[in-house]
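# Structural features, examined
Residue-level listing of the chains:
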Amino acid sequence: MPKEPRAGWTGGQNAFGDFAPGMVHYTDMVLFDEIWERADLSKRDRSLITVAALTATGKADQLTFHLDYARQNGVTEEELKEVILHLAFYTGWPNGMSAMTVAKKVFTKEN
């Protein structure tokens, strides 16, 4: 399979290199270079939705990246903590606790 030209996002390539070319392609070229760039939702809104989905489904491992990315997209730490607290009541306390634990690590490592 010939290599496709590189797009702007390289997170998948950085994580997997040649180990998982399909995952690299869909992460970099489809998810981040296409879906995240669609004009109908702002990146800020996409970040809030993504943090909510990851929290609700208990995908705490992915939150490290997405909490930081949300801040880059204009969401404040206070807003993110409030989102996680709110979600804890709707998606289960353990999911909220796990997400808040990740948020504490992400937010305090830089302060």
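Glancing now at the overall build of the protein. Within the protein, the regular secondary structure consists of six helices and zero strands. Each of the three principal axes of the protein carries a C-alpha extent, and together these read 50 × 30 × 30 Å. The burial tally for the protein puts 32% of its 111 residues in the buried class. Sequence separation of at least 24 residues holds for 50% of the intrachain contacts in the protein that already meet a minimum separation of 6. Total accessible area computed for the protein in this model is approximately 7,200 Å², and 60% of it derives from carbon and sulfur atoms. Each charge class in the protein can be summarised by its mean position, and for the 12 positive and 15 negative side chains these summaries are 4 Å apart.

To continue, consider the packing of aromatic side chains. Note on aromatic pairs: each is described by the distance of the centres and the angle between the planes. On inspection of all chains with the given rule, the structure shows nine aromatic pairs. Plain terms: the ring middles of Phe 32 and Trp 36 are 5.7 Å apart, the flat faces sit at 10° to each other, and that makes the pair stacked. For the residue pair Phe 32 and Trp 36, the accessibility class agrees, reading buried in each case. Where Phe 32 meets Phe 65, the ring centres are 6.0 Å apart and the plane angle is 85°; that geometry is what we call edge-to-face. Of the two residues, Phe 32 sits in helix α2 (residues 21-32) while Phe 65 sits in helix α4 (residues 60-72), which places them 33 residues apart along the sequence. Judged by its relative accessible area of 6%, Phe 32 falls in the buried class. Feature note: the residues Trp 9, Phe 32, Trp 36, Phe 65 and Tyr 69 constitute an aromatic cluster, connected by ring pairs.

Mapped onto the secondary structure, Met 23 falls in helix α2. Between the alpha carbons of Met 23 and Ala 56 there is a distance of 23 Å; along the sequence they are 33 residues apart.

Glancing now at the pattern of salt bridges. Tallying each qualifying case throughout the model produces five salt bridges. Where Glu 37 meets Lys 43, a salt bridge forms, and the shortest distance between an N and an O atom there is 2.8 Å. With a shortest N-O distance of 2.6 Å, Arg 44 and Glu 79 are connected by a salt bridge. Of this pair, Arg 44 sits in helix α3 (residues 43-56) while Glu 79 sits in helix α5 (residues 77-91); the two residues are 35 residues apart in sequence, bridging distant segments of the chain. The exposure class of Glu 79 is partly exposed, given its relative accessible area of 32%. Where salt bridges share partners, they join Asp 68, Arg 71 and Glu 77 into one cluster.

Within the secondary structure, Arg 46 sits in helix α3. Buried within the structure, Arg 46 lacks any salt-bridge partner; Asp 40 is the closest side chain of opposite charge, at an N-O distance of 6.4 Å. Discounting chain neighbours no more than four positions away, the residues touching Arg 46 are Ile 35, Trp 36, Arg 38, Asp 40 and Leu 41.

Here is what the cut-offs are and how they apply
Residues numbered from 1 in each chain as written. Predicted model: local features only at pLDDT ≥ 70, side-chain atom pairs only at ≥ 80, totals over all residues. Heavy atoms only, no water. Helix = DSSP H or I, 4+ residues; strand = E, 2+ residues; numbered from the N terminus. Buried < 20%, exposed > 50% of the residue type's maximum accessible area, 1.4 Å probe, protein only. Contact = heavy atoms within 4.5 Å. Areas by Shrake-Rupley, 256 points an atom, 1.4 Å probe, with all protein chains shown as cover. Lys, Arg positive; Asp, Glu negative; His and termini not counted. Charge placed at Lys NZ, Arg CZ, Asp CG, Glu CD. Phe/Tyr/Trp six-rings, centres within 6.5 Å; stacked < 30°, edge-to-face > 60°. Salt bridge = Lys/Arg side-chain N within 4 Å of Asp/Glu carboxyl O.

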